[in-house]
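Examining the three-dimensional arrangement
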Amino acid sequence: MSILIQIGLLYLALIALILFSRWQRRRINKMVGETLLLMVMGSVTCRFLRPGRKFSWWWPRALLITPTRFVVYNFTIYWRIFSFTPEQLQWVGLPDAYNEGYNQFWLHVEKEGKWYVLQIRGYKYNNRRLLLALRRFAFDRTDQVGAYRRRRGDIHFGPVQAEPAAQDIHGAWTLAVPVNLYLMPRYLVILQGNTVLRKIPVTTIQEIGALRRLDEPSAAGLVRFRAEEETFAFALAQHEALAEALATAAKRTLEEPLERKQKALDDDDLEDEDWLDEFEASEPPRKNQAG
């Protein structure tokens, strides 16, 4: 077979693939209406975390985002494995500092009284498409979306098993049925399995301390704090690590939000700019010229 015939067949195959993709998109639009993003199988990989259970494996998935629903599919749009609404989305952020290659984005979802973390991993181009669609998906809930391209990741800790503790007038501690604690940038989530018992806003947490039990020095230590006009205490082996994570998370809520600078930004400046502002610019930022 000559080279020209091979090139011709490849060209026909490419045209057929483009036509099929357009036909599939038109069909999806008829099925679901307006779409903000359609990522075909293999564009990103995903896995799920349900606190209290092990991570699932990373698998290539297809994503569909409409104004009213975020859907994860396995292979085709006929095999739905997970979906949620804008109201169920609790947070979008990065567990690690942003880089120019592959990044992970964690979507925290509370659905039907249960807590899920959808982790999505993709390359730079697909990350931009995904974040732009998420901005439109949660346009009236932008406080749920973390900063993009920061030099540090979001605070996450757990899930860890802990026992709620109460102290009597004699200083002895009584421990209750164990629960799971999961700290994310917006809440300290108290769970039974992956069922949400309570969400404590990180912005309300103060007077954090890690201490040893005087009544049983060899027992697990305690982390204690105040929030929402209540005092909380939990006994767990990692009490010092949890106390430090809580303090860091609470401190970050006091930081001023990232604001778009009025001057033009160079590449270093852009590293600290919020991704919400980044997508508003129709052109890449240019440096100021003297004179």
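Preceding this section is the structure that the text describes.
The sections below set out a description of the structure shown in this document.

1. So, the overall build of the chain
Helix and strand counts for the chain stand at five helices and 15 strands. Here the chain holds 291 residues, and the buried ones make up 43% of them. Nonlocal contacts in the chain, meaning residues at least 24 apart in sequence, comprise 52% of its contacts between residues at least 6 apart. If you sum the accessible surface of the chain, you get close to 16800 Å²; carbon and sulfur atoms cover 54% of it.

2. Brief notes about the pairing of strand 3 (residues 70–73)
Of the two faces of strand 3, the one carrying Phe70 and Val72 and the one carrying Val71 and Tyr73 are both buried. Turn length for the strand 2 (residues 59–65)-strand 3 hairpin, with the two strands adjacent in sequence and antiparallel, is four residues.

3. Some points on the nonpolar core
One finds Leu63, Phe70, Phe84, Leu107, Leu118, Ile120 and Leu130 to be the most contacted residues of the largest nonpolar core, which totals 28 residues. Those elements that place two or more of their residues in this core are strand 1 (37–49), strand 2, strand 3, strand 4 (80–84), strand 5 (89–93), strand 6 (103–111), strand 7 (114–122) and helix 2 (124–137). Ranked by size, the runner-up nonpolar core spans 24 residues in total, among them Ile190, Val202, Phe234 and Ala250.

4. Some words on the side chain of Arg213
With respect to the element layout, Arg213 can be found in the loop between strand 13 (206–211) and strand 14 (222–227). Owing to a relative accessible area of 5%, Arg213 belongs among the buried residues under this scheme. Once you skip the residues sitting within four places of it in the chain, Arg213 turns out to touch Trp173, Leu175, Ala219, Ala220 and Leu222.

5. Examining a nonpolar patch on the surface
Together, Ile5, Leu9, Tyr11, Leu12, Ile15 and Leu19 give the surface a local cluster of nonpolar side chains, amounting to about 600 Å² of exposed area. Along the polypeptide, Ile15 turns up in helix 1 (residues 3–32). You can call Ile15 partly exposed: its relative accessible area is 33%.

6. Regarding the packing of aromatic side chains
Pairs of aromatic rings are described using the distance from one ring centre to the other and the angle between the two planes. What the rule picks out here adds up to nine aromatic pairs. A centroid spacing of 5.2 Å and a plane angle of 55 degrees characterise the contact between Phe82 and Tyr116, whose relative ring orientation is tilted. A residue pair is termed long-range when its members are at least 10 positions apart, and Phe82 in strand 4 and Tyr116 in strand 7 qualify at 34 residues. Note on accessibility: Phe82 and Tyr116 belong to one class, buried. Pairing Phe225 with Phe232 gives two aromatic rings, centres 5.4 Å apart and planes at 20 degrees, and the pair type is stacked. The pair Phe225 / Phe232 is uniform in exposure class, with both members buried. Within the aromatic cluster, the residues linked to one another by ring pairs are Phe48, Phe70, Phe82, Phe84, Tyr116 and Phe137. Taking NZ or CZ as reference, Lys111 lies 5.2 Å from the ring centre of Phe82, over its face. Positioned above the aromatic ring of Trp58 is the side chain of Arg121, whose terminal nitrogen or guanidinium carbon lies 4.1 Å from the ring centre.

7. Focus: the pattern of salt bridges
Throughout the structure, instances matching the rule amount to four salt bridges. A salt bridge links Arg198 to Glu230, with the nearest nitrogen and oxygen atoms 2.8 Å apart. Within this pair, whereas Arg198 is found in strand 12 (residues 195–201), its partner Glu230 is found in strand 15 (residues 230–235), the two being separated by 32 residues in sequence. Here the salt bridges share partners, and the residues they tie into one network are Arg198, Glu228 and Glu230.

8. Notes on the side chain of Asn126
Position of Asn126 among the secondary structure elements: in helix 2. Asn126 sits in the buried class, given a relative accessible area of 14%. Those residues in contact with Asn126 that lie beyond four places of it in its chain are Met39, Ser43 and Val44.

9. Thoughts on the pairing of strand 6
With seven of nine residues buried, strand 6 is to be regarded as a mostly interior element. Alignment of strand 5 against strand 6, held across four bridges, turns out to be antiparallel. Note on strand 6: the bridge partner recorded for Trp91 is His108. Here nine bridges tie strand 6 to strand 7, and the two strands are oriented antiparallel to one another. Looking at the pairing, Trp106 lines up with Gln119 of strand 7. Taking the residues between adjacent antiparallel strands as the criterion, strand 6 and strand 7 are bridged by two residues, where Glu112 takes a positive phi near 55 degrees.

Conventions adopted
Residues numbered from 1 in each chain as written. Predicted model: local features only at pLDDT ≥ 70, side-chain atom pairs only at ≥ 80, totals over all residues. Heavy atoms only, no water. Helix = DSSP H or I, 4+ residues; strand = E, 2+ residues; numbered from the N terminus. Buried < 20%, exposed > 50% of the residue type's maximum accessible area, 1.4 Å probe, protein only. Contact = heavy atoms within 4.5 Å. Areas by Shrake-Rupley, 256 points an atom, 1.4 Å probe, with all protein chains shown as cover. Pairing = 2+ DSSP bridges. Core = buried A, V, L, I, M, F, W, Y, C linked by side-chain atoms within 4.5 Å. Patch = residues over 30% accessible without salt bridge, like charges linked within 9 Å, V, L, I, M, F, W, Y side chains within 5 Å. Salt bridge = Lys/Arg side-chain N within 4 Å of Asp/Glu carboxyl O. Phe/Tyr/Trp six-rings, centres within 6.5 Å; stacked < 30°, edge-to-face > 60°. Lys NZ or Arg CZ within 6 Å of the ring centre and 35° of its normal.

These figures capture arrangement, not role.
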